[in-house]
Structure formats: structure tokens, C-alpha cells
Amino acid sequence: MKVLVSDSLSNEGLEILKEHFTVDVSTGLSEEELVKKIKDYDALVIRSGTQVTQKIIEAADNLKVIGRAGVGVDNIDVDAATKKGIIVTNSPEGNMISAAEHTIAMMMAMSRNIPQANASLKAREWKRNKFTGVEVKGKTLGVIGLGRIGSEVAKRASGLEMNLMGYDPFVSEKRATELGVKLATVNEIAKEADYITVHTPLIKETRNTLDEEQFALMKPTTRVINCARGGIINEEALAKAIESGKIAGAAIDVFVEEPPFNSPLLNFDNVVVTPHLGASTQEAQINVAVEIAKEIVSVLTGGTAKNAINIPSVKPEAMAVLAPYIRLSEIMGKIAGQLVDGNYEKVEIRYNGEISGKDTRPLTVSALKGLLEMALGSGVNYVNAPTLAKSRKIAVVESKSESSEEYASTISIRLSSNGQTKLVAGTVVGDEPKIVAIDDDRVDIFPAGRMIFAKHINRPNVIGPCCLVLGKNNINISGMQVGRSEIGGVTMMVLNVDSEVSDPILEEVRKVDGILDAKLVTL
């Protein structure tokens, strides 16, 4: 078998591949060059430099797996690969320690003015008083995102005798206690923390997590750090906060546009910047190369991909039956994850009817993937979803019953936290997923695109004004389904919309008399 490596890869990873396969290293290829070359290869190994487009994938007649040495897969057309049956895998753990250590290094450099003092002394200046710093001992560090890297940062900060606050919708109180972290909201962290570091993926829900609202809450001594993804902190709002003296400083390793030569953040003496170095250690480069090489070897020799992004491990003969339910389970997980408020501690998945007699393990994994992906991004896959749930102390409970009232098979997902629950139930109709219940409300929804779930009182002059709000904001409603209840009772309305609904517009919907709550769900 043949493997093409189209970006630079550490020798340790190359040697593992060469033990098993014919390996060609050819970097800097254009799309057209890769289209011509890819047809003869069984595996493609890349880093961030190669863009694996649909055109390249369509030309890949023999390709079985694409391996990304690193975390992000935004440079791969995952949908096109999935349709062609190509496994996409990555190496999410190889640079974990390097990223955590860089975060701590940035915090210390910012606290002690090390870059500025270094530049001053090399300019033959001796200005000790100008670079007086602050200690981190006894200060409060707010960690937004307590996944792999965020947890490692918290452990190291604890060793520095810092107080820890944290926000993560998928971390239980038990897990937070183990880390020595006091759970809080983002705004509570903004108000109380002396240092704030972000460690979330960049998805719709995490973009601009720290924005003008949060900077307005911060103390003038607060310092912020971003070694995760550009865009989690609003760079314009950060620049304004720095320029006005609203906060004391920042340390930024990642930017919305890279290289960030036009960023105003480069103009401030109290902003420490590095050129996306979080994973740039010798150890991390070796780790990700070795990890992805082992993945490729496993897949091409008949094993599984530990970090598969797109394809669950299901035997071909079972896939024909389970495939539509795998899709249903993942969609239900995504919906439940966006409808729930706050952290949850338990996920109950119930299978009723014919599906209860099948191997439902892939369905449970798919539900967890959909659920966790809404907060953790594309790093969640069919293999690591159960591990991620376990690491966050989320209890996963499955149950089965052969009985089913209305449909041949149904699946329900119930999330529980502090006595509160959220339930989503669904089935498959003609191979298409269908949502049949939200909590106690019977619904009839074929989920797609963007949907507004609006809890409302069943009485006149509620639905119309809600639709008017969307209409005046030029948002087209492509579908509507309204649950039934007695007049004056509470029920659910679901609106399919054709364009993005901003938070201010959604807030307008919530203010309509008779609307009790409204949430936007995006699939």
C-alpha cells in the first residue's frame, strides 16, 4: 500500500509508516498537482498546509484514510470524504501539554513584562523600575473550557497556588472539584478573575465568548490569554479595552487572521504576542506525527481509527439497518445539547420497539458525539465521545424496551441536572430522521438547517407577532409546526428558518407576549 505525506512530518512518524508501506513525501503541492497525484495512494497524511478539497477527494480512487497530524480538520472537506467512504482522523492529544505549558508561559511573561524587559536590555537600556510586575500566587485564574488542555492548565495553575474558576457546559461539579475549580458563568469569571484564559474550540457558540459585555465587567487589573483559537476573544473589543485601560494586559498566540500584521493588538506594549506557537515544541511535533502514523497503520491493516472524525465502527451488514438511526441519534444529540440550559450530569438514552433488538452501541456513541460536539467542536468523534463524557463525569445510562406505542422504533435522550430534565424523542420515517417529542410536547419535525424552538401559551395573537419579528428582520420561515394543548396551556412551536438568527433578534422573539422561551438550534 502507498501513503502520500503532503506536509512536513517528523521523522519518527515517517519511520513508523515506512515500516509498513511505501511512503512518498511531496510537500507544497497545488490542488491541481494533488488531484493528478492522489489517485494511486491508499492514505494521505497532512498538517495545516494542505487543503484537501472535494475535487481532490473525488480524484482519490484508492484513498481509504486521510490523517491530520494535529487537532483541526477545517482544511479537509469531511463531508466529501464521508460520502466517498474515506475515514478522516486526527491526533488531538499530541500537542496537549505543549499548549498548556505555552499558556502558563504567556501568563508569566505578561505578569513580569519579560518580552518588554528583554527588548529594553538588548537596546542597552537599564530600566528596572519600568518593568515592575505582579505575582500570580493568590490571584484568581478563570479557565473557559475545561477539556484536555484547559484541565492541564488548571493543574499547573494550582501548582502556582492560584485560585481557580472555570466555565464548561459539559463539566460536572464532581469533575470540577477534582480539578480544584469553582464552576461559574462566563460573566461571573469576567467580574472576579484576575487572569482569564480560553480553551474552547471555535464554533458558533464560542465565537466572541469574551466581547464588549465581558470586558465591561472586568477589573482594571485583569489580564486575558488566548492560546486556543483566534475569534474566541473579540479582537476589536480587546483592543478597545487595552487602549482605554479597562484591563491591564493580554497575551495572544492565535488570531482571526494569520499572520495578523494589521491587528491593532500588535501596537500595545502591554500585549504579549506570539506567532501561533502553542503546539510548536519538538515533543509535540513528534507526538502528533507518531500518533497519526499509528492511526494510518491501524486503518490500512484492518484495524480501527482511534480518533476517527467521521465514520463509526459498524459492520457493513449492520450498517444498512442502523445507518438512518445513527444519523437520527446524532441529530437528536445536537438538538438536546442546544436546548438544555447549564451543565448536565446524566444522559439517559432509551430504545423502544424494533431497534431495541439491535446492537445499539453505535447509536449511543452517535448521540454522545452530537451532544458533545455542540460545545467541544469537531474534535469530538465516534471513538472519543464516550471517553470525553466519562472525563467530564457525565453518567450515560442506556435502557431498552420491545414495546413502542406509535412507531416501530423510537429513541429518546433525556438530560438531567440538579433535578431539571430535557427530553428529545425521535424515530425514522422512510430513512429520514423525525423528532416526535420535546419534553411533554408531541411534535412532528423533520429536522434540518436552522430551527427556532419556541415554548408558548396556546392562545390567539402569539404565533403571528412572533413571525412578524422574523419577517421585519428579513428572515424567511420555510416551515412551521405547532404542538397541541388545551387553550391557555403551554406547548411548543418549531420554525424552520432560512438564514442566521442573531441573539438580538432571538431576544425580540422571546419578548413577544405569550412566548415563554425561544432557542435557536443549528444542525
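Everything that follows concerns the structure shown earlier in this document.
I will try to describe carefully the structure that is included in this document. (Residues numbered from 1 in each chain as written. Predicted model: local features only at pLDDT ≥ 70, side-chain atom pairs only at ≥ 80, totals over all residues. Heavy atoms only, no water.)

**Overview of the sheet that holds strand β16 (residues 420-429)**
Taken together, six strands build an open sheet; the order of strands is β14-β13-β15-β16-β17-β18 and the sheet is mixed. Two strands lie at the open edges of the sheet, namely β14 (395-401) and β18 (441-445), each paired on one side alone. On average, each strand axis in the sheet is tilted by 20 degrees relative to the strand beside it, whichever way the strands run. Of the pairings in the sheet, the one linking strand β13 (residues 346-353) to strand β15 (residues 409-417) comprises eight bridges and is antiparallel in character. Each residue of the ladder has a partner; that of Y351, found in β15, is I411. The sheet strands contacting helix α14 (residues 361-376) are β13, β14 and β15, and the helix crosses β13 at an angle near 140 degrees. (Pairing = 2+ DSSP bridges. Helix = DSSP H or I, 4+ residues; strand = E, 2+ residues; numbered from the N terminus. Axes fitted to C-alpha atoms, helices over the stretch in contact; angles between N-to-C directions. Contact = heavy atoms within 4.5 Å.)

**Some points on the sheet that holds strand β4 (residues 65-68)**
Picture the strands of a sheet paired through backbone hydrogen bonds; they go either parallel or antiparallel. Taken in spatial order, the five strands of this open sheet run β2-β1-β3-β4-β5, and their pairing is parallel. Looking at strand neighbours, the two that pair on one side only are β2 (22-25) and β5 (87-90), the edges of this open sheet. In this sheet, adjacent strand axes meet at a mean angle of 20 degrees when their direction is disregarded. Those strands touched by helix α1 (residues 11-18) are β1 (2-5), β2 and β3 (43-46), and its axis lies near 145 degrees from that of β2. Running over the sheet, helix α12 (residues 282-300) touches β1, β3, β4 and β5 and is turned about 170 degrees from β4.

**Structural notes on a nonpolar patch on the surface**
Together, F261, L266 and V273 make up a nonpolar patch on the protein surface, roughly 300 Å² of accessible area in all. Secondary-structure assignment places V273 in strand β12 (residues 271-273). Of the residues examined, V273 reaches a relative accessible area of 35% and is grouped as partly exposed. (Patch = residues over 30% accessible without salt bridge, like charges linked within 9 Å, V, L, I, M, F, W, Y side chains within 5 Å. Areas by Shrake-Rupley, 256 points an atom, 1.4 Å probe, with all protein chains shown as cover. Salt bridge = Lys/Arg side-chain N within 4 Å of Asp/Glu carboxyl O. Buried < 20%, exposed > 50% of the residue type's maximum accessible area, 1.4 Å probe, protein only.)

**Section: the side chain of Q285**
You can see Q285 is positioned in helix α12. In this structure the side chain of Q285 is engaged in a polar contact, spanning 2.4 Å, whose partner is the side chain of R47. Residues in contact with Q285, not counting those within four places in the same chain, are S10, R47, A279 and S280. (Polar contact = N/O pair within 3.5 Å; in protein donor to acceptor, adjacent residues only side chain to side chain.)

**Focus on the environment of S403**
Tracing the sequence through the fold places S403 in the loop between β14 and β15. For S403, a relative accessible area of 47% gives the class partly exposed. Remark: the alpha-carbon pair of S403 and E354, spanning 49 residues in sequence, is separated by 8.2 Å. Leaving out residues up to four positions away in the same chain, S403 has contacts with N352 and G353. A distance of 2.9 Å separates the side chain of S403 from the side chain of S401, its partner in a polar contact.

**A short note on the environment of V501**
Structurally, V501 can be placed in the loop between β21 (490-497) and α17 (503-510). Given a relative accessible area of 3%, V501 falls into the buried group. For the pair V501 and L470, spaced 31 residues apart in sequence, the C-alpha separation works out to 8.4 Å. Among all residues touching V501, those that are not within four sequence positions of it are I452, I475, L506 and L520.

**Focus: the nonpolar core**
Formed by 42 residues in total, the largest nonpolar core has its most connected members in I335, Y344, L372, I435 and F453. By residue number, the principal contributor to this core is helix α13 (residues 316-339), which donates nine residues. Among residues more than four places away in sequence, those in contact with I335 are V424, I435, P447, M451, F453, V521 and L523. (Core = buried A, V, L, I, M, F, W, Y, C linked by side-chain atoms within 4.5 Å.)

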